[in-house]
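Chain by chain, the residues run as shown.
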Amino acid sequence: MIFIYDASFEGFLTTVFSAYEQRCNNPKILKHHQFIESFFEESETVFTSQEKAKRVWKKLEKNCGKSGCNQIYRAFLSEIEGIENTLFQYIRHAMSSSKNITKDYAHPAVLEVVQTVKKVGREKHRMDAFVRFRKTRDGIYFATIEPDFNVLPLNVKHFKNRYADQKWCIYDLKRNYGIYYDLEKVNIVHLELPKNILQSSSEFFTSEEIEFQHLWKNYFDSTNIKSRKNVKLHQQHVPKRYWKYLSEKYL
Amino acid sequence: MNYERIKEKLNILADAAKYDVSCSSSGSKRKNTNKGLGDSSGSGICHTYTEDGRCVSLLKILLTNHCIFDCAYCVTRKSNDIKRAAFKVQEVVDLTIHFYRRNYIEGLFLSSGIFKSPDHTMERLVQVAKKLRLEENYNGYIHLKSIPGASDELMFEAGLYADRLSVNIEIPTREGLKLLAPDKDRKDFLQPMNKVKNEIIRYKAEKKIIKSTPKYAPAGQSTQMIVGATNETDAQVMYTAAYFYKKYQMKRVYYSGYIPISYDPRLPSIGTDVPLLRENRLYQADWLMRFYGFSIEELLNKEHPNLDSDVDPKLSWALRNLHLFPVDVNKADKQMLARIPGLGMKSVYKILGARKYRNLNWEHLKKIGVALNRARYFMVCDSRDFEKRDLSAASIKNLILQNSQSKFRNTYGNQLNLFDKHDQLISI
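Residues numbered from 1 in each chain as written. Chains lettered and ligands numbered in written order. Predicted model: local features only at pLDDT ≥ 70, side-chain atom pairs only at ≥ 80, totals over all residues. Heavy atoms only, no water.

Participant: I'd like to hear about the pairing of strand β2 (residues 28–31) of chain A, residue by residue, with values.
Facilitator: Remember that side chains alternate between the two faces of the sheet whenever the strand is regular. Residues and elements named next belong to chain A. Of the strand pairs in this sheet, strand β1 (residues 2–5) and β2 are connected by 4 bridges, and their pairing is parallel. By the bridge assignment for β2, F3 is matched with I29. The β-α-β motif built from β1, the intervening helix α1 (residues 9–21) and the parallel element β2 has right-handed crossover chirality. (Pairing = 2+ DSSP bridges. Helix = DSSP H or I, 4+ residues; strand = E, 2+ residues; numbered from the N terminus. Right-handed = clockwise from strand over helix to strand, strands pointing away.)

Written as structure tokens, this is what we have:
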């Protein structure tokens, strides 16, 4: 049986509810854009219901605790193909067990979820590190990113705590949404960004901005010890796909 | 801001500070207050990595590289003919704030050459930290160097604004210090270290009674030793480290392979390789001491004054203590699990969690991430398949080396030859 949902987390939880309702042990859960009509399998489109999602979430909190729920949410944000099916098996295991199963690493679904959570956590941490703000002419510290996973919701707290006295915006170009802090709270925003936002400087950004990028690049070069050169290690820590957003690498 | 001038100074003073390897930005617990700037309550963040593979988390600079001392191992030594520069206090403050706001750094690491006098230098360092905290409401990380010979009053003030303080003892042995830094006295390093340690203890005790007691150097103290500049043994380095961990409650001791920077005949000549493998082994031993429950005597002693270069120190220890193995991973306690070669603490915790649900077999362990190449000779699990041959330490080592790769492999030969030569010298 195939279940098609709207790609939201609540949608996924509603799907879990529907699968249980229909006593389906091995559902195939697909996001609506992943679905291609098939003659051989039955399919059902799930309509997201806040109420059903909440019921599932409450039950999960009871069975897996806060940390288990957090794991489910983080693994979901990975957007890895088929993660919904693994999560369903994880949830089934949690529902049928009398113990909290979050540490049952010898169970294939639990191990896969844990490993996915680790990947997501690493990507979240990378964004905490690799965001490079540029100050715009209207005084907003602005950064663009393209994380491998949808981690921006996880970054909100870190940046809000740290930059409480400046307006900032981090924009995910891949998923076309961003988080914007207006000195009060963090909101989700959708922007029409010019294509050359990465290269442009004088048009959008303050004149001192480019000076600081150069100072930073200078610092980055000066602090390197040539006789210890280790490019492999360097690239392992700062993979090439992130370079276009790091001023010390692209300048 | 005169960017050109700042750029020039930054190049000189960052270049001079880069030999200090301390990069940690964690352990502070300093939270953002009153909607200020910065927060260093979380884990440390490495914002980028230089081409040598070292992390950049702090703006690491000297206030000045003018210095009245002439320590042979140091680039900023008085007799070295190099460009000198000095930052003004406000320049360092501005640079830190502008870099921090752009998310380039976790904070500031400020060291300095010693100009005029230790107190004069320390006073300037404290000024920078004080300005950042009081005028800029900055809660990011600050690591200040304690200047050897600085007065207790200044060290006290430094701890009120800095998250971490450090004095580098640099040379592990007293004799080495006398040879390479004749103007320096060990007492001068220890005095500020001691003052800070005592204040940390006092503030912690007060905090238990009065909750609003301000923070005092919340990320503790650290120090650094250069290895390979004198002919010290690994045992001398690590016993010194163990002493500082215990006596001065150091949060970290860093080991820095000597990078040849001078033609001084007392030191390895320019062009000599940086002892990267040795540095790596010392860090491994350090971790075993701090997180794996090993005592220093188990790793290094009279019979083994140096760490093996071809295998890691834990494996080396296990090979000397085969009578304690194999360990049953489904039954052994945490401490014993941590002693199995190829098991890191992460794997240990995973095993402890997972074995509550079922007995673990090789397949499970492999998936969890245990390095079975090393571990399998030292443990049994829920399987009839285990190492049944009665292997000697030497043959286990051979089997492991045959099945593993290391980028240091071709340096083993050289380093071993070096030791052979030493042995010859000793026997002659």
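Additional details are given in the paragraphs that follow.
Participant: Tell me what's going on with the domain arrangement of chain B, and back it up with residues and numbers.
Facilitator: Residue and element names in this part refer to chain B. On domain assignment, one finds that chain B holds domain 1 (3–292) and domain 2 (313–407). Here domain 1 and domain 2 have C-alpha centroids that lie 38 Å from each other. Listed by partner, the interface residues are 6 residues for domain 1 and 6 residues for domain 2. Applying the counting rule to domain 1 against domain 2 returns 0 salt bridges. Put simply, domain 1 and domain 2 have 1 residue pair in polar contact (both at pLDDT 80 or more) between them. A breakdown of the residues in the side of domain 1 that touches domain 2 according to their chemical character gives 4 nonpolar, 1 polar and 1 charged. (Domains from an automatic or database assignment. Contact = heavy atoms within 4.5 Å. Salt bridge = Lys/Arg side-chain N within 4 Å of Asp/Glu carboxyl O. Polar contact = N/O pair within 3.5 Å; in protein donor to acceptor, adjacent residues only side chain to side chain. Nonpolar A, V, L, I, M, F, W, Y, C, P; charged D, E, K, R; others polar.)

Participant: Lay out the nonpolar core with the relevant residues and their values.
Facilitator: In terms of nonpolar packing, the biggest core is built from 194 residues, with F12 of chain A together with I61, F99, Y255, I340, L365 and F378 of chain B touching the most fellow members. Sequence-distant contacts of Y255 of chain B, defined by excluding residues within four places in its chain, comprise V21, M225, V237, M238, A241, Y245, E279, L282, Y283 and D286 of chain B. Core analysis: the second largest hydrophobic core is formed by 8 residues, I140, C169, Y180 and I197 of chain A among them. (Core = buried A, V, L, I, M, F, W, Y, C linked by side-chain atoms within 4.5 Å. Buried < 20%, exposed > 50% of the residue type's maximum accessible area, 1.4 Å probe, protein only.)

Participant: So what's going on with the pattern of salt bridges? Which residues, and what values?
Facilitator: What the rule picks out here adds up to 37 salt bridges over all chains. Where salt bridges share partners, they join K195, E199, R202 and E206 of chain B into one cluster.

Participant: Could you give an account of the packing of helix α3 (residues 83–96) of chain A against helix α4 (residues 108–130) of chain A, with specific residues and numbers?
Facilitator: All names here are of chain A. The interhelical angle for the contact between α3 and α4, taken along N-to-C directions, is 125°, at an axis separation of 9 Å. The orientation of α3 relative to α4 falls into the category oblique. Considering the relative orientation of α3 and α4, their crossing is left-handed. Here α3 contributes I83, T86, L87, Q89, Y90 and H93 to the contact with α4, which in turn contributes A109, V110, E112, V113 and T116. For the contact of α3 with α4, the residue count by class is 6 nonpolar, 4 polar and 1 charged. (Axes fitted to C-alpha atoms, helices over the stretch in contact; angles between N-to-C directions. Parallel < 35°, antiparallel > 145°, perpendicular 65-115°, else oblique. Left-handed = near helix turned anticlockwise from the far one by under 90°.)

Participant: So, a positive patch on the surface: which residues are in play, and what are the values?
Facilitator: A contiguous patch of positive charge on the surface is contributed by K157 of chain A together with K29, K31, K204, K207, K208, K211, K215 and K251 of chain B. It is helix α6 (residues 186–209) of chain B that contributes the most residues to the positive patch, 3 residues altogether. Accessibility expressed as a relative area gives 57% for K31 of chain B, which makes it exposed. (Patch = residues over 30% accessible without salt bridge, like charges linked within 9 Å, V, L, I, M, F, W, Y side chains within 5 Å. Areas by Shrake-Rupley, 256 points an atom, 1.4 Å probe, with all protein chains shown as cover. Lys, Arg positive; Asp, Glu negative; His and termini not counted. Charge placed at Lys NZ, Arg CZ, Asp CG, Glu CD.)

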